Every structure is written in C-alpha cells, then in structure tokens.
Amino acid sequence: MRLDAYVSTLGLPEDGLSLRFGLLGPIEVRKNGRPVPLGSPKQRALLTALLLEPNRVVSIDRLVMAVWDEEPPHSAIANIRTYVNRLRGTLGEGDRLAARPPGYVLTAHSGELDVTEFADALRQGRKALAAGRPEEALRHLSAALARWRGAPAEDVPRSAALGPRLDALAEQRCLALEVQAEARLMLGEHADAVPELRETVAAHPTRERLWSSLMVALYRTGDSAAALSAYGQARTFLAEELGVEPGPELAELHRSILNRDPALCAVPRLPAPGPPHPVPDLVRVPVPVPVPVARAEPPLVAGSGRLLGRDLELNQIMAAIAASPPRPVAVHGPAGVGKSALALHAVRMAAPDFPGGVLHVDLRSLPRPGAYETLARLLSLLGPAGDRIAPDLDDAVLQFRAATTGRRVLVLLDNVTDEGQLRSLLCACPDCRFVITSRRVLAALDDVDHLSLAPLTDDTAYELLVRVCGRDRVDPEQVRRVARLCDNLPLALRIAGKRLAVRREWTLAAFADMLAGEEHRLDLLTCGDLSVRSALDLDYQALRQCGGTADGSALALFHRLGERGTADCGSATAAGLLGCDRRTAWAALGRLADLRLMKSMAPDHYRMNDLTRLYAMEIARTAGKNESGNSAEFV
C-alpha cells in the first residue's frame, strides 16, 4: 500500500484542506495547499508557542518568554498584539486565533497539525508492536516519521521557554526511530535495516537502543566483526561525549556476541493471523533481543570514560538506593556541577538490581512539568498507549502504583524544580526507589536523603580537562589556569576541553588568555548545544517567573550586583543597593542562594562564582539597553 493511501486510511488530512500547520521541520502554514509567509523570527516564535499548545489558552506572559530570550523590551505586550494581528491576517480566518484571557488560543482542527498526526501514528505503532504485529507497526511508524521535514521548528530562535519543548519533540522522533528498528528486526529485515541504522546512529549517537539494533542486525547478517566494531564505536562516543560507559543491556549484548549466543539469531515468533490481540493497560515494548540483565561493574579509574572525583557521592547514592526501608535520594547543586551525569551513572550501575525496570524522566523536557505530567511520562515509559493513561492525578497515581507493586523499579527524576512535582509520587509507590536531581534543595519533602554536589577539586578538574583536550598538549600551569577560569565546574571544563581538542592551533596559554577576558568568557564556554550561559539562564528565568516579594527583591538585587560586577554581598550592602530594610535584603539574598545564583560563604556573607557574576553583568547590560530603548523592538 502506498504511504499516501495509508495516510488516508488513518483519517489524516490531505493538502486540499483550508489550513495545515507544520512544526516538524521549518515552521510552516499552508492555505489551500500553498505556503504562506509567516513574518519575522519573533512572529514565528510566537506562532510556535501557540502551536505547541493547540486549542489551549497561552498566557501573554508565556508568549513573551517564548519570544524574548533576553529581558523583554517595554513594548513586549504591544509587540505580541501586533504579531497576533499579523498572524490573523495571514491565516485569513478571524476565529482561528482568538483573544481569551489571560492570552490567546489558536484552534487547530483534526488533521491540520503535523505534531498531532505524528503522535497518533507513533501511538498506534507502539501499540501494534507491543501486541506482536510488527508489519502493522512498521506501517504506522513509517507514516509517523514521514511527517518530519527537519529539526522541529528549526528556523525559529531557541528561547529558554521554547528550546526544551522542541527538544521533547525531537526526543519523540528518536523514540519512533528506535521502535521502527525493532519492528524491522522482528520482521527479519536485517540486511535492509543495516544501512538505515548506520545513518540513524550517526545522527543520534547517544541512543543506546539504536546501537543495540544495529549490532543485532549486523550479527544476524553474519558480520559479527562489524557488530563488535559498532559496540566499540558506541563505547568510545559515550565515553568522550557523556563520560559514561555503555549501559548494562548494551554491555550484555556485546558479551553475547563475543560468546556467539544462539539466542541472538532467534527472530521472535510472530502470532498467527487472526483478530487483533487485546492490549493490556500496561505493557512493555519488547527490545530487539531478549537481553539478560547485566551485573553492575565497579567504577573504573580516571580516563576510562567514568566519572571523575565523585566516588564519595556515588557511594552515598548507591547506599541510599540499596537501603531498607528505601529512602529517595535527592542530589542538588548549582548549574553545570554534574548532577545529572552523576545520577545517571549511579542509576546505570544499580540497574541490574531492578528487574522491574529503570525509568528516566527529564522534567525539563515536559511542556508543563507538574505532578500529573511527570506521572503520565512515567506511565508512558512503562508502555501504555497515551489514551489509556488515567486523565487525572489521583487515578494516575493508582495506575502507577498498580503497575509497580511487587516489582523492583528504579526511577530517576531529573531537573526537578519544586516539591509539588513529585510529592504524590513518592508517597504512593513504596516498591519504587527514587533518585532525584534539582538545582535547589527540595527541603519540603519528608524522608529524603539530600546530597549536595560541589564543584570539582583542583586536581580532579585538572584531570578532567586533560582527559577531554588530550594529554599530548599538557601545560600543567595553563591547565590549572583554565580550570580556575571555569570555576572547576564539569560543564565548563568539558566545553573548554572540547574547544581545545578541536582548535589544535590554540595553545593552552592562548586559550587561557582569551578566557581571562571577561567580556568573551561565556562566549568561549559554548560548544554546540552545550553552554554555560544557557545553564545559568534556567535559574534566572525561574527567578523571573516567580512572583513573591522576596523574588522581586532578589531579581532587583541580581541586576544591581550585575551592574557593579560585584561577587560578594551581605545584608547591609544588599539593603543599600535595594533601598530597603535588612530583613528584606536577607530574604532577597536567601532567594538567590536557593536558586544557586549565589552561595552562602558565612553568616551574612554571600558570593557568586565568577561565571555567574559575568552572566549577571550581561543581564544588567541588556536590561540597561532596554530601559534606554536602544534594543527594544518596534513594529
């Protein structure tokens, strides 16, 4: 059956409809089959924010955050209204983009938005594969992936508000690619799958499930040497880019290939033709090969791809995971300190002890990361189709408890921002073990082991930088100088090392001199999608979004300190800068410390690290330009 004919059987729309919206590639709107102009980058960003939440009201405040990554101009709300009016003219249907307090709602009917079509086809594909119908699954998944024209909204500026949500769409595409590969292996299409899988892992080299599928496909075509080579490539990339070893499933598959395990050649038996099998409420998507659980290996020494300088913290997490009765462990620390890497490493080591599964949810990727959305993502990882997930929080808690009762399940909840996101989950699931990461201390949670993560020691920072940039160019004095300028933060050190590894013409001394120039340091500490500035921006945006008196004072104090380039501050200084009393100043300093924009050094003594201070100076300069009107956008 041709793909366009198959799309019609799904009830998906054809180009003849009045309007079609596309986010899965450059953002586009087609009217009667023809593309229409969408205006300036900021106008496209506003349209993207609306299309990410079709048929729902998006507040003006959230639209402003989506459009302006920096401090918005005074004319921001007026500009939003201008963009909305222009889009109404473009769409040609006045009721499509309507004002509804506290913002606007864009109506997208069934079959008009490619994101919805993709999600529906992916859900049907996963459902069919779970029921043992790989041929049907492959049709749905091919239709889902055919909707993609490039990276999601690739021509729209990535603001701190839009970036994570578009990244979540890209994550769903990777999931579709993984499930499609599994369906092809179940159908025995090993030789045909190899070229496509090679191209896919090259584009998504951190996806271990894709490496697993490639290794199985190569082995089943009789090329065991290529399968082993693929594992070596995966291991090298994971070590260099993420600082971790392959997970237990991929490592066990490697051992099975070395031992020529007969189970590797067994293609799963497909069910006999007949009526569709009912799908239970909770199902597990099968992996390409029945891989036994691997035994956890001890940490390796520095330079082998393992984490450096975190043995004590790693042991504390492992002890908390193994404790009886179980207690969640919450790792907290400033931006770029390596919380996620440490937690993920610990979870991978502990995985063999949890036959019920290991679930990882990055809350930063959720469109609305509340308690229900967190539970819904966990339930989706366990396997139920989206329309089978309970529609409210209480029922979702019961559903997750039923799915995990009597099973040993380990859950990693990454980038948590407040206790409300997980309180109901922690209380309701006694058979689960939880590892949590967050910027601030989640102090309001009960019965949780809190683990603070600090920057690396000087010696460990030295070793990490050398490992990333290469030992062939070590200048000990300059290595330590670069590490100090990176505040010994793993994120900054990795970025610096990667830049040095690529720019071989830079000596360490020259790079250190460039970093020493404060006006360029944050620019230099950016490499691809890794950025110290972006990491700090998450804390600043969190401060801007809060609304209490202490938050307003903290925001003003952050700007005042940035204007002066000041790192150290006490309550007397803060009171003078804000023109307020000491108690208000203390509250503002405490709020900045909560968000890890400052650190308490002693009673009534707070300090920013150098990278945060430089970020504050940038923010202050931007705010100053907006106040003078120099950088405001006029439409």
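That block above? That's the structure.
Nothing here was measured: the structure is a model prediction, and the numbers come from that model.

The rules behind these values
Residues numbered from 1 in each chain as written. Predicted model: local features only at pLDDT ≥ 70, side-chain atom pairs only at ≥ 80, totals over all residues. Heavy atoms only, no water. Pairing = 2+ DSSP bridges. Helix = DSSP H or I, 4+ residues; strand = E, 2+ residues; numbered from the N terminus. Axes fitted to C-alpha atoms, helices over the stretch in contact; angles between N-to-C directions. Contact = heavy atoms within 4.5 Å. Phe/Tyr/Trp six-rings, centres within 6.5 Å; stacked < 30°, edge-to-face > 60°. Buried < 20%, exposed > 50% of the residue type's maximum accessible area, 1.4 Å probe, protein only. Salt bridge = Lys/Arg side-chain N within 4 Å of Asp/Glu carboxyl O. 1 Å grid on protein atoms, 1.4 Å probe; cavity = no way out; pocket = protein on both sides within 12 Å on 5 of 7 lines; lining within 4 Å. Points joined across faces, edges and corners; volume = space filled by probe spheres on them. Nonpolar A, V, L, I, M, F, W, Y, C, P; charged D, E, K, R; others polar. Expected span 1.5 Å × (residues − 1). Parallel < 35°, antiparallel > 145°, perpendicular 65-115°, else oblique. Left-handed = near helix turned anticlockwise from the far one by under 90°.

K.L.:
Any chance you could explain the sheet that holds strand 10 (residues 432-438) here in plain terms?
P.N.:
Strand-to-strand pairing in sheets goes through backbone hydrogen bonds, with the strands running parallel or antiparallel. The strand order 8-9-10-7-11 describes an open sheet built from 5 strands, whose pairing is parallel. Each edge of the open sheet is held by one strand with a lone partner, namely strand 8 (357-362) and strand 11 (449-452). Across the sheet, the axes of successive neighbouring strands diverge by a mean angle of 15°, strand direction being ignored. Packed on one face of the sheet, helix 13 (residues 339-350) meets strand 7 (329-332), strand 8, strand 9 (409-416) and strand 10 and runs near 175° to strand 9. Relative to strand 8, helix 14 (residues 371-382) is tilted by about 140°, and along the sheet it contacts strand 8 and strand 9.

K.L.:
Explanation requested: the packing of aromatic side chains in the structure shown.
P.N.:
Aromatic ring pairs are defined here through the distance separating the ring centres and the angle between the ring planes. Tallied over the entire structure, the rule returns 5 aromatic pairs. Measuring from ring centre to ring centre gives 5.4 Å for Phe118 and Trp148, while their planes differ by 90°; the resulting arrangement is edge-to-face. Taken as a pair, Phe118 in helix 5 (residues 114-130) and Trp148 in the loop between helix 6 (134-146) and helix 7 (163-186) lie far apart in primary sequence, 30 residues in all. The buried category is assigned to Phe118, whose relative accessible area is 2%. Among the residues examined, Trp148 registers a relative accessible area of 8% and is labelled buried. Aromatic pair Tyr540 and Phe558: ring centres 5.7 Å apart, planes at 35°, arrangement tilted.

K.L.:
Would you mind going over the pattern of salt bridges with me for this structure?
P.N.:
Side-chain pairs of opposite charge can arise whenever the charged atoms involved come near each other. A full pass over the atoms with the stated rule returns 36 salt bridges. Glu117 is the salt-bridge partner of Arg20, the closest N and O atoms lying 2.6 Å from each other. Placement of Arg20 in strand 1 (residues 19-22) and of Glu117 in helix 5 is noted, with a sequence separation of 97 residues between them. On the basis of relative accessible area, Arg20 is assigned to the buried category, the value being 11%. Glu117 gets classed as buried once you look at its relative accessible area, which sits at 3%. Across the pair Glu178 and Arg207 runs a salt bridge whose closest N-O atoms are separated by 2.8 Å. Note that Glu178 is positioned in helix 7 and Arg207 in the loop between helix 8 (190-203) and helix 9 (208-220), a separation of 29 residues in sequence. For the pair Glu178 and Arg207, a shared accessibility class is recorded, and that class is buried. Connected through shared salt-bridge partners, Glu171, Glu178, Glu182, Arg207 and Arg209 make up one network.

K.L.:
Sorry, what's going on with the pairing of strand 15 (residues 599-602) here?
P.N.:
When a strand is regular, its side chains alternate between the sheet's two faces. Bridging between strand 15 and strand 16 (residues 605-607) involves 3 bridges; their strand directions are antiparallel. In the strand pairing of strand 16, Lys599 is matched with Arg607. The loop that links strand 15 with its antiparallel partner strand 16 comprises 2 residues; one of these, Asp604, has a positive phi angle of about 60°.

K.L.:
Explain the layout of surface pockets to me, please; I cannot follow it from the model alone.
P.N.:
Any space left empty among the atoms is revealed by the rolling of a water-sized probe across them. Roughly 1,300 Å³ of volume is contained in the second largest pocket. Secondary-structure elements contributing two or more residues to the lining of the second largest pocket are helix 3 (60-67), helix 4 (76-91), helix 7, strand 9 and helix 22 (532-545). A breakdown of the residues in the lining of the second largest pocket according to their chemical character gives 23 nonpolar, 8 polar and 13 charged.

K.L.:
Which parts of the structure should I look at to understand the sheet that holds strand 6 (residues 103-106)?
P.N.:
Judged by pairing direction, the sheet is antiparallel, and its 3 strands sit side by side in the order 4-6-5 without closing on themselves. Of all the strands in the sheet, the pair left with one neighbour each is strand 4 (58-59) and strand 5 (97-100).

K.L.:
Looking at this structure, I do not really get helix 6. What am I missing?
P.N.:
Between its first and last C-alpha atoms helix 6 spans 18 Å; for 13 residues at 1.5 Å apiece the expected length is 18 Å, and the two agree. Residues of helix 6 that are buried include every one of Pro134, Ala137, Leu138, His140, Leu141, Ala143, Ala144 and Leu145, and no others.

K.L.:
Hey, could you run me through the packing of helix 10 (residues 224-242) against helix 11 (residues 248-258) in this one?
P.N.:
Relative placement of two packed helices is described by the angle separating their axes and the distance separating the axes. Between helix 10 and helix 11, the least distance of the axes is 10 Å, while the angle of their chain directions is 155°. If you check the angle between helix 10 and helix 11, you find them roughly antiparallel. Between helix 10 and helix 11 lies a crossing of left-handed hand. For the pair helix 10 and helix 11, the contacting residues are Ser224, Ala227, Leu228, Tyr231 and Ala234 in the first and Leu250, Ala251, His254, Ile257 and Leu258 in the second. For the contact of helix 10 with helix 11, the residue count by class is 8 nonpolar, 2 polar and no charged.

K.L.:
I tried to follow the environment of Arg165 on my own but got confused; where do I start?
P.N.:
In this structure, Arg165 sits in helix 7. Note: C-alpha distance between Arg165 and Leu366 (201 residues apart in sequence) is 6.6 Å.

K.L.:
Hey, could you run me through empty space enclosed by the protein in this one?
P.N.:
In this structure the tally under the stated criterion is 4 cavities of 30 Å³ or more. For the largest cavity, the calculated volume is near 70 Å³. Lining the largest cavity are Leu177, Gln180, Ala181, Arg184, Ala193, Glu196, Leu197, Thr200 and Leu210. Tallied by class, the residues present in the lining of the largest cavity amount to 5 nonpolar, 2 polar and 2 charged.

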